[in-house]
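Spelled out from the first residue to the last, the chains are:
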Amino acid sequence: MYRLSHTVRCPVCGVEFRPTVGYLKGDEAEVMCPNGHIFTVSVPNGDSVLDCEIRDWERFGLLPQATQQAVLEVIQSGKVPNELQALMRRLKEIGVVVCT
Ligand SMILES: [Zn+2]
């Protein structure tokens, strides 16, 4: 899950909140306001905040060195560049990286 680093306003009820999004479609994400309205927000490049950690160091160690470095940088900075979105998603799917 990604938590956006800025608040958005629901177009239906006008409430402002900081959304958590499950997945991204390009630079857009579907979010739900506290009142249950679903709408699409645009997510600028790298503007998502992650709270992640490496859970499976053994399998992480099997990744190419450059990939390990990139992933560690993402985790430290809390920002996922667009080109690493797919990789991070995959690592989460297989349980190497765990995000809260
Ligand atoms: Zn709403």
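Everything numeric in this text was worked out from a predicted model, so none of it was measured. (Residues numbered from 1 in each chain as written. Predicted model: local features only at pLDDT ≥ 70, side-chain atom pairs only at ≥ 80, totals over all residues.)

Caption draft 1: Structural view of the overall build of the protein. Of regular secondary structure, the protein possesses three helices and ten strands. When the helices and strands of the protein are listed from N to C terminus, the series reads β-β-β-β-β-β-β-β-β-α-α-α-β. By residue count, 16% of the 100 residues in the protein fall in the buried class. Restricting the contact set of the protein to residue pairs at least 6 apart, pairs at least 24 apart contribute 45%. (Helix = DSSP H or I, 4+ residues; strand = E, 2+ residues; numbered from the N terminus. Buried ≥ 20, exposed ≤ 12 C-beta atoms within 10 Å, placed from the backbone. Contact = placed C-beta atoms within 7 Å.)

Caption draft 2: A look at the nonpolar core. Grouped together as the largest cluster of nonpolar side chains are eight residues: Cys52, Val71, Val74, Val80, Met88, Leu91, Val96 and Val97. For this core, the secondary-structure elements that each account for two or more residues are α2 (65-77) and α3 (82-93). Cysteine 52 has contacts with Ile75, Val97, Val98 and Cys99, leaving out every residue within four places of it along the chain. (Core = buried A, V, L, I, M, F, W, Y, C linked by C-beta atoms within 7 Å.)

Caption draft 3: Summary view of the pairing of strand β7 (residues 38-42). With zero of five residues buried, β7 lies mostly on the surface of the structure. Sheet analysis places strand β6 (residues 28-32) next to β7, joined by five bridges and oriented antiparallel. Residue pairing for β7: glutamate 28 is matched across the bridge by serine 42. Between the end of β6 and the start of β7, which pair antiparallel, lie five residues, with glycine 36 showing a positive phi angle near 90°. (Pairing = 2+ DSSP bridges.)

Caption draft 4: Structural context of α2. With 13 residues, α2 should cover 18 Å at 1.5 Å per step; its first-to-last C-alpha distance of 18 Å lies within 8% of that length. Immediately beyond the C-terminal end of α2, within one or two residues, lies glycine 78, with a positive phi of roughly 75°. (Expected span 1.5 Å × (residues − 1).)

Caption draft 5: Highlighting the environment of histidine 37. Inspection of the secondary structure assignment puts histidine 37 in the loop between β6 and β7. Between the C-alpha atoms of histidine 37 and cysteine 13, which are 24 residues apart in sequence, the distance is 8.1 Å. Sequence-distant contacts of histidine 37, defined by excluding residues within four places in its chain, comprise Cys10, Val12, Cys13 and Met32.

Caption draft 6: Main features of α3. Look at α3: 18 Å from first C-alpha to last across twelve residues, which is about the 16 Å you get at 1.5 Å a residue. Residues of α3 that are buried: Gln85, Met88 and Leu91. For α3, the angular spread of the buried residues around the axis is 140°, confining them to a single face. Looking at α3, the residues exposed on the side facing more than 90 degrees away from the buried face are Glu83, Ala86, Arg90 and Glu93. Of the residues flanking the end of α3, it is glycine 95, one or two places downstream, whose phi is positive at about 85°. (Arc of directions from axis to C-beta.)

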